[in-house]
Amino acid sequence: MKRVYVETLGCQMNKTDTEKMLGILETLGYQEVEEPHNPNDADLLIINTCSIRQLSEDKAFSRIGTWGKWKKERPELKIVFCGCVAQQKGESIFKRAHYVDLIMGTHDINNFPELIKRIEQGEKVCANGETPIAEGDYKLKRAKSTNAWITITEGCNNFCTYCIVPYTRGRERSRTPEVIFKDVKEALEAGYKEVTLLGQNVDSYGKGLDGNPTLAYLLREINSFEGKFRIRFTTSYPTDITDELIQTVVDCEKVCEWMHIPMQSGSTAVLKKMNRRYTREQYGEIVKKIREKIPDVAITSDFIAGFPGETNEQFEETLTAMEEFKLDYSNTASYSPREKTVAAKWEDLFLSEEVKEDRLKRLNDQNKENCVASNKKYIGREMEVLVDSFDEHKGIKINTGRTRNNKIVHIPYNDDLTGKFVTAKITGMKTWYLKGELKEIL
Ligand code: SAM
Ligand code: SF4
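What you see is a predicted model, and the numbers here were worked out from it, not measured in a lab. (Residues numbered from 1 in each chain as written. Chains lettered and ligands numbered in written order. Predicted model: local features only at pLDDT ≥ 70, side-chain atom pairs only at ≥ 80, totals over all residues. Heavy atoms only, no water.)

Caption draft 1: Inspection of helix H8 (residues 215-223) at higher detail. When H8 is considered as a whole, its buried residues turn out to be Leu215, Ala216, Leu218, Leu219, Ile222 and Asn223. The arc that holds the buried residues of H8, viewed along the axis, is 160°, so those residues lie on one side. (Buried < 20%, exposed > 50% of the residue type's maximum accessible area, 1.4 Å probe, protein only. Helix = DSSP H or I, 4+ residues; strand = E, 2+ residues; numbered from the N terminus. Arc of directions from axis to C-beta.)

Caption draft 2: Main features of the site of ligand 1. Around ligand 1 sit 15 residues in total, of which Tyr162, Gln200, Gln264, Asp302 and Ser336 are the nearest. For ligand 1, an oxygen atom lies 2.7 Å from a polar atom in the side chain of Gln264. Contacts to ligand 1 include Ser336, whose backbone N or O atom sits 2.8 Å from a nitrogen atom. Burial of ligand 1 by the protein chains amounts to 88% of its free accessible area of 560 Å². Here the shell around ligand 1 is composed, by residue class, of six nonpolar, five polar and four charged. (Near = heavy atom within 4 Å. Polar contact = N/O pair within 3.5 Å; in protein donor to acceptor, adjacent residues only side chain to side chain. Areas by Shrake-Rupley, 256 points an atom, 1.4 Å probe, with all protein chains shown as cover. Nonpolar A, V, L, I, M, F, W, Y, C, P; charged D, E, K, R; others polar.)

Caption draft 3: How the structure looks around empty space enclosed by the protein. Inspection of every chain in the model, using the stated rule, returns one cavity of 30 Å³ or more. When its volume is computed, the largest cavity comes out at roughly 40 Å³. Surrounding the largest cavity, Asp17, Met21, Asn48, Cys82, Gly83, Met104, Gly105, Thr106 and Ile109 form its lining. Looking at the lining of the largest cavity, the elements that each hand over two or more residues are helix H1 (12-27) and strand E4 (78-83). A breakdown of the residues in the lining of the largest cavity according to their chemical character gives four nonpolar, four polar and one charged. (1 Å grid on protein atoms, 1.4 Å probe; cavity = no way out; pocket = protein on both sides within 12 Å on 5 of 7 lines; lining within 4 Å. Points joined across faces, edges and corners; volume = space filled by probe spheres on them.)

Caption draft 4: Just the packing of helix H7 (residues 177-189) against H8, in detail. Orientation of H7 relative to H8, taken along the N-to-C sense of each, is 35°, at an axis distance of 11 Å. Where H7 crosses over H8, the handedness of that crossing is right-handed. Contact residues: Pro177, Ile180, Phe181 and Val184 in H7; Tyr217, Leu218, Glu221 and Ile222 in H8. Per-class residue counts for the contact of H7 with H8 are seven nonpolar, no polar and one charged. (Axes fitted to C-alpha atoms, helices over the stretch in contact; angles between N-to-C directions. Left-handed = near helix turned anticlockwise from the far one by under 90°. Contact = heavy atoms within 4.5 Å.)

Caption draft 5: Here's a closer look at the sheet that holds strand E12 (residues 258-260). The three strands are arranged E12-E13-E14 in an open sheet whose pairing can be described as parallel. Edge positions in the open sheet fall to E12 and strand E14 (329-334), since each of these has one partner strand only. Within the sheet, the average angular offset between the axes of one strand and its neighbour, ignoring direction, is 15°. Sheet analysis places E12 next to strand E13 (residues 298-305), joined by three bridges and oriented parallel. Residue pairing for E13: His260 is matched across the bridge by Thr300. Set on the sheet, helix H13 (residues 353-376) makes contact with E13 and E14; between it and E14 the angle comes to about 175°. (Pairing = 2+ DSSP bridges.)

Caption draft 6: Just the site of ligand 2, in detail. Neighbouring residues of ligand 2: Cys156, Asn158, Phe159, Cys160, Tyr162, Cys163, Val165, Pro166, Gln200 and Arg276. When grouped by side-chain class, the residues that make up the shell around ligand 2 number seven nonpolar, two polar and one charged.

Caption draft 7: Representation of the nonpolar core within the structure. The biggest cluster of nonpolar side chains holds 63 residues, and the ones touching the most others in it are Val195, Ile222, Phe233 and Ile290. Setting aside its immediate chain neighbours within four residues, Ile290 contacts Ile241, Ile246, Met259, Ile261, Val297 and Ile299. (Core = buried A, V, L, I, M, F, W, Y, C linked by side-chain atoms within 4.5 Å.)

Caption draft 8: Summary view of the pattern of salt bridges. Under the defined criterion, the tally for this structure stands at 36 salt bridges. Of the charged contacts, one joins Lys289 and Asp243 as a salt bridge, the two residues approaching to 2.7 Å between their closest N and O atoms. Taken as a pair, Lys289 in helix H11 (residues 280-293) and Asp243 in helix H9 (residues 243-251) lie far apart in primary sequence, 46 residues in all. Of the residues examined, Lys289 reaches a relative accessible area of 30% and is grouped as partly exposed. The network of salt bridges with common partners includes Glu194, Lys228, Arg230, Arg232 and Glu384. (Salt bridge = Lys/Arg side-chain N within 4 Å of Asp/Glu carboxyl O.)

Don't take any of this as a statement about function, it's just geometry.
As structure tokens, then:
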């Protein structure tokens, strides 16, 4: 058995690509190993990179520096640099890290078996073509979890002016309902208790496919599969959320009451510069409609602080939007210019690091306030929790899981209930989680 270690940076798309690579490598006789500490601990080292912000890109290069030194000691060690940075930077990575054997972009992942064989024979290869290679029939080696991620769309057509995704992941492509249903069935048969349909903009699923199937159609079909399990989907684009989709969440008992709808900014003027196709008011109306139709729904979001040219007043509109729309939780980041994107060319409008950091801090403070307000609502309620981990903390054994609306709950209990649905009474809360008391194992 050859040994492989994969380090995955970035989003769920990358994590899913890693599951695909590990599935392929298993068929090629590789066994996954824990993080190596010396050159003899693995035969193949893979870094799956993220380029959403400069920080993530820098991390990839700093990480593989050690691997380069190991390769001097053990030349037969193979190193793969793949993912979004590989797609974007291609051949130039060899100049910065000459010891890399394979540079593989996101579009070439379905050619991975062939590429691995070539480097095993001593070739140095760069594969970062612009056209995605057709999907093969490989099984994913899914991460141990209660949730299985099921990709429904790849790429993105939105071209938000700050975002590198359309350049690293290409144009939007939808996978057919047949392959999606097959993946879901396999995951359920393997014991997963939850499936999350994944894409950059899942609401636009189906464009270009025969019969124009929709996300609502996928959800209704999967909802009819046998067994007790949960269904989630992410990420939603505000103005692409249809009434049919909202009604589907209401109608389908397995589809959970959680929607991730990034707003990015609370200022209509900034949204326009970001090329987001909605105003502050439209976002608010969508959120209001969803809350009216779906009881207990949690709505989470993403925000960027310090977009080029953002005034302090415009930034304050983001804080008030978070508060006004009662967003349950938000991912936050300060703006990072990305090569090739439109906003990266507006250098004279860039804000200083100090201003961006200050705004990010204020954004995070508002986010905490929102989370506390959101969590308080559930104290005293009984909620269904799917347990996904079991740990000991200060001598107390804790089962941790999520409610249907994606709230984290800590339940003290001596036995490991991982993979089980339970009912918990919510007895307290912290900023990022609820405290529960076990009532029933379902
Ligand atoms: N498709 C999703 C959407 O419509 O928002 C999100 C995809 S992106 C991988 C995840 C988040 O990264 C975005 O929502 C955005 O807030 C953040 N992001 C993207 N580009 C960024 C940049 N240049 N600087 C800071 N944050 C960025
Ligand atoms: Fe990036 Fe915008 Fe596409 Fe999301 S919708 S991936 S932010 S371009």
